[in-house]
Amino acid sequence: METYFSVGSETYAEKAQRLLGRYRYPYRVTKTTGTAGCAYRFRVAAPAEELFSLLTAHGIPYQRL
């Protein structure tokens, strides 16, 4: 099962990467640029509920994709 989400800043993308690495979730991140600026899109091999509760608990704002 793969879960997709994005974050809107480089700082939060780095925090998310450290957090995912600490919990040993396999992930891929892609930087995208649009009219609203840069965003970082994540693809993570983890259940959505588990992943989103972890991000929320660590104060990382995200958008579900």
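Residues numbered from 1 in each chain as written. Predicted model: local features only at pLDDT ≥ 70, side-chain atom pairs only at ≥ 80, totals over all residues. Heavy atoms only, no water.

**Some thoughts on the packing of aromatic side chains**
And then number 1: Following the criterion strictly, the structure yields five aromatic pairs and no others.
And then number 2: Where F5 meets F42, the ring centres are 4.8 Å apart and the plane angle is 0°; that geometry is what we call stacked. Of this pair, F5 sits in strand β1 (residues 3-7) while F42 sits in strand β3 (residues 37-44), and the two are 37 residues apart along the sequence. In terms of burial, F5 and F42 fall into one category: buried.
And then number 3: What makes F42 buried here is its relative accessible area of 0%.
And then number 4: Each member of the aromatic cluster is reached from another via a ring pair, and the members are F5, Y27, F42, F52 and Y62. (Phe/Tyr/Trp six-rings, centres within 6.5 Å; stacked < 30°, edge-to-face > 60°. Helix = DSSP H or I, 4+ residues; strand = E, 2+ residues; numbered from the N terminus. Buried < 20%, exposed > 50% of the residue type's maximum accessible area, 1.4 Å probe, protein only.)

**Points about the environment of R28**
And then number 1: When you line up the elements, R28 lands in strand β2 (residues 27-34).
And then number 2: What makes R28 exposed here is its relative accessible area of 55%.
And then number 3: Between the C-alpha atoms of R28 and R43, which are 15 residues apart in sequence, the distance is 5.2 Å.
And then number 4: Not counting residues up to four positions away in its chain, the partners in contact with R28 are R41, F42 and R43. (Contact = heavy atoms within 4.5 Å.)

**Considering unusual backbone geometry**
Of all residues except glycine, most have a negative phi; of all peptide bonds, most are trans.
And then number 1: Positioned with a positive phi, R24 is a non-glycine residue whose angle comes to about 60°.
And then number 2: Looking at where R24 falls in the secondary structure, it is placed in the loop between α1 (10-22) and β2.
And then number 3: Under the relative-accessibility criterion, R24 is labelled exposed at 75%.

**A short note on the sheet that holds strand β4 (residues 63-64)**
Within a beta sheet, neighbouring strands are joined by backbone hydrogen bonds and run either parallel or antiparallel to one another.
And then number 1: Pairing within the open sheet is antiparallel, and its four strands lie in the order β2-β3-β1-β4. One side of each edge strand has no neighbouring strand; the edge strands of this open sheet are β2 and β4.
And then number 2: The sheet contacts of α1 involve β1, β2 and β3, and relative to β3 the element is tilted by about 15°.
And then number 3: In this fold helix α2 (residues 48-57) packs onto β1, β3 and β4, with an angle of close to 25° to the strand it touches most, β1. (Pairing = 2+ DSSP bridges. Axes fitted to C-alpha atoms, helices over the stretch in contact; angles between N-to-C directions.)

Shape descriptors only; they carry no functional weight alone.
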